Amino acid sequence: MSTEATRTEAAAPTEATGATRTGPAQAQPTPEPLPLAGIRVIEFSHMVMGPSCGMMLADLGAEVIKVEPRGAGDKTRYLPGSGSGLFPAFNRNKHSVQLDIAEAADRHRVLDLIDSADVLLENFRVGKMDSMGYGYDELSARNPRLIYCSLKGFLSGPYGNRAALDEVVQMLGGLAYMTGPPGQPLRAGASVNDIMGGMFGVIGIQSALRVRETTGRGKLINSALFENNAFLVGTHMAQAQLSGQPPRPMPTRQATWAVYDIFRDAADNQVFVAAVSDGQWRDLCDEFGLSGLAADPDMLTNQGRVDQRDRIHRELQTALSNLTLAEIEDKCTRRGLPVAPVNTPADLTDDPHLVASGALARTGLPTGASVDVPLLPLTFDGRRLGLRSDVPEPGRHNAYYRDGPTVPTGPPVDGRESTGPPHHHHP
């Protein structure tokens, strides 16, 4: 079977839940509701942090209404270059409504939506929502059950009003220093703080929903890029305090194990190989014919091997240079040794594990194109939280939300969207 056919079959969403299936269509028992079914979320956001938070909630079953400006909609839709993947990656399973939140003419519809919501999330610059009359205090007075999630660059403090981007906090928070070689700070190759900041927003929202079951009241949740970055580098902070020395950037870090590095095969392809225990060291030597190293009494301990790391690398590289990448992977996998070819993100579209396990969702775009993007890295009783609706065009659901009932009887149904039972909303 071709890769294309495998992905199409593996990632086909079931009608009611969007869960993936790996076999031919057959009668299925009525699935349980998705975890956040019945929760309405109003999303005022752009770029990555807010949309990723909203998408995670949507994948978990929430009814997420993305409010976009009139006209062309969210400017993130049209970013070029490395930004071109942002909107397709973080806006599935949502509904799009176009309203001008800064204009008095649309204010009553915006407030109607917020009054009907369980959750509001926003990631605009500090003070913008308050300046337009959509701050937490005002909205909570109207809807005491509202959970208001504000996603910013910094939490309260001296930096609180600064503008921030993922790159800003990576520089400020030491992550760029740790990623690049000495003297060459380097942004991590993904929007790690934006996405994790969105994830912490989800954690806060879910926690507030749990508290609301007891108190009947919502909460103000704040998540921020800089504090998220500090959390990411917390181990390096602890290391510096314990050693009394600044940590070395990762490319020149002090070795913890002798074999934990990138090597090359016979065709000069790069491959990561590691041995992080005494047993793995013995298996590595046995599998790759390093009997002299295995018999050396100075290498019986991990520290002894770290002390002779250069010698080990030379002999291991000589052995690997006679093998293909597939042979190296096979040998390491057979013995339980960590191994990985050095892939590009483009390679993941055809990764056999992601394809066969239904981890990718072929998501349609308003342009008529489609992209394969990862689903949440979660399963519930072995089932993935799948694709229920494609990325909507701007204002796709205007008629339903802007002109329809204030309190919904269920989310709109169109195209690939769920035709399962309506959400039962209790504001």
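Whatever comes next refers back to the structure up there.
Report follows, based on the coordinates.

Cut-off values and rules
Residues numbered from 1 in each chain as written. Predicted model: local features only at pLDDT ≥ 70, side-chain atom pairs only at ≥ 80, totals over all residues. Heavy atoms only, no water. Helix = DSSP H or I, 4+ residues; strand = E, 2+ residues; numbered from the N terminus. Buried < 20%, exposed > 50% of the residue type's maximum accessible area, 1.4 Å probe, protein only. Areas by Shrake-Rupley, 256 points an atom, 1.4 Å probe, with all protein chains shown as cover. Axes fitted to C-alpha atoms, helices over the stretch in contact; angles between N-to-C directions. Parallel < 35°, antiparallel > 145°, perpendicular 65-115°, else oblique. Left-handed = near helix turned anticlockwise from the far one by under 90°. Contact = heavy atoms within 4.5 Å. Nonpolar A, V, L, I, M, F, W, Y, C, P; charged D, E, K, R; others polar. Lys, Arg positive; Asp, Glu negative; His and termini not counted. Salt bridge = Lys/Arg side-chain N within 4 Å of Asp/Glu carboxyl O. Pairing = 2+ DSSP bridges. Polar contact = N/O pair within 3.5 Å; in protein donor to acceptor, adjacent residues only side chain to side chain.

1. Thoughts on the overall build of the protein chain
Right, on to step 1. When its secondary structure is counted, the protein chain shows 18 helices and 13 strands.
Right, on to step 2. Per-residue burial over the protein chain gives 44% buried out of 427 residues.
Right, on to step 3. Accessible area for the protein chain stands at about 21,200 Å²; split by element, carbon and sulfur atoms hold 55% of it.

2. Quick notes on the packing of helix α2 (residues 49–59) against helix α9 (residues 192–215)
Right, on to step 1. Direction vectors running N to C along α2 and α9 enclose 45°, while the axes themselves pass 8 Å from each other. If you check the angle between α2 and α9, you find them oblique. For the element pair α2 and α9, the recorded crossing hand is right-handed. Along the contact surface, α2 presents Met49, Ser52, Cys53, Met56 and Leu57, while α9 presents Asp194, Ile195, Gly197, Gly198, Met199, Gly201, Val202 and Ile205.
Right, on to step 2. Tallied by class, residues from the contact of α2 with α9 come to 8 nonpolar, 4 polar and 1 charged.

3. Remarks on the environment of Leu378
Right, on to step 1. Take Leu378: it is sitting in the loop between β11 (370–374) and β12 (379–380).
Right, on to step 2. With relative accessibility at 40%, the residue Leu378 sits in the partly exposed group.
Right, on to step 3. Taking C-alpha positions, Leu378 is 10.0 Å from Leu60, a pair spaced 318 residues apart along the chain.
Right, on to step 4. Non-local contacts of Leu378, meaning those with residues more than four positions away in its chain, are made with Arg383, Arg384 and Leu385.

4. Describing helix α12 (residues 278–287)
Right, on to step 1. Within α12, the full set of buried residues consists of Gln280, Trp281, Leu284, Cys285 and Glu287.
Right, on to step 2. Among the structural elements, β7 (259–264), β8 (270–275), α13 (291–295), α14 (302–307), α15 (309–320) and α16 (325–334) are those in contact with the buried residues of α12.
Right, on to step 3. After α12 finishes, the residue Gly289 shows a positive phi value of roughly 70°.

5. A closer look at unusual backbone geometry
Both trends apply: most residues other than glycine have a negative phi, and most peptide bonds are in trans.
Right, on to step 1. Its identity as a non-glycine residue notwithstanding, Asp268 has a phi of 70°, on the positive side.
Right, on to step 2. The topology assignment puts Asp268 in the loop between β7 and β8.
Right, on to step 3. Accessibility expressed as a relative area gives 48% for Asp268, which makes it partly exposed.
Right, on to step 4. With phi around 50°, Asp381 is a residue other than glycine that occupies positive phi space.
Right, on to step 5. Position of Asp381 relative to the elements: it lies in the loop between β12 and β13 (383–384).

6. So, the side chain of Asp194
Right, on to step 1. Within the secondary structure, Asp194 sits in helix α9.
Right, on to step 2. For the buried Asp194, no salt bridge exists, and the shortest N-O distance to an oppositely charged side chain is 5.4 Å, to Arg187.
Right, on to step 3. In contact with Asp194, other than residues within four places in its own chain, are Val48, Met49, Ser52, Asp166 and Leu225.

7. Re the sheet that holds strand β2 (residues 63–68)
Right, on to step 1. The parallel open sheet is built from 6 strands, whose spatial order is β3-β2-β1-β4-β5-β6. Lying at the two open borders of the sheet, with one neighbouring strand each, are β3 (94–98) and β6 (220–224). For this sheet the average axis-to-axis angle between neighbouring strands, irrespective of direction, equals 20°.
Right, on to step 2. As paired elements, strand β4 (residues 119–122) and strand β5 (residues 147–152) share 4 bridges and run parallel to each other. Looking at the pairing, Glu122 lines up with Ser150 of β5.
Right, on to step 3. In the packing of helix α4 (residues 104–115) onto the sheet, contacts are made with β1 (40–44), β2 and β4, and the angle to β1 comes to roughly 140°.

8. Structural notes on the side chain of Asn91
Right, on to step 1. If you trace the backbone, Asn91 turns up in the loop between α3 (86–90) and β3.
Right, on to step 2. On the accessibility criterion, Asn91 (1% relative accessible area) is buried.
Right, on to step 3. In this structure the side chain of Asn91 is engaged in a polar contact, spanning 3.1 Å, whose partner is the side chain of Lys94.
Right, on to step 4. Once residues within four sequence positions are removed from consideration, Asn91 is found in contact with Glu43, Pro51, Met55, Lys66, Leu86, Asp390, Val391 and Pro392.

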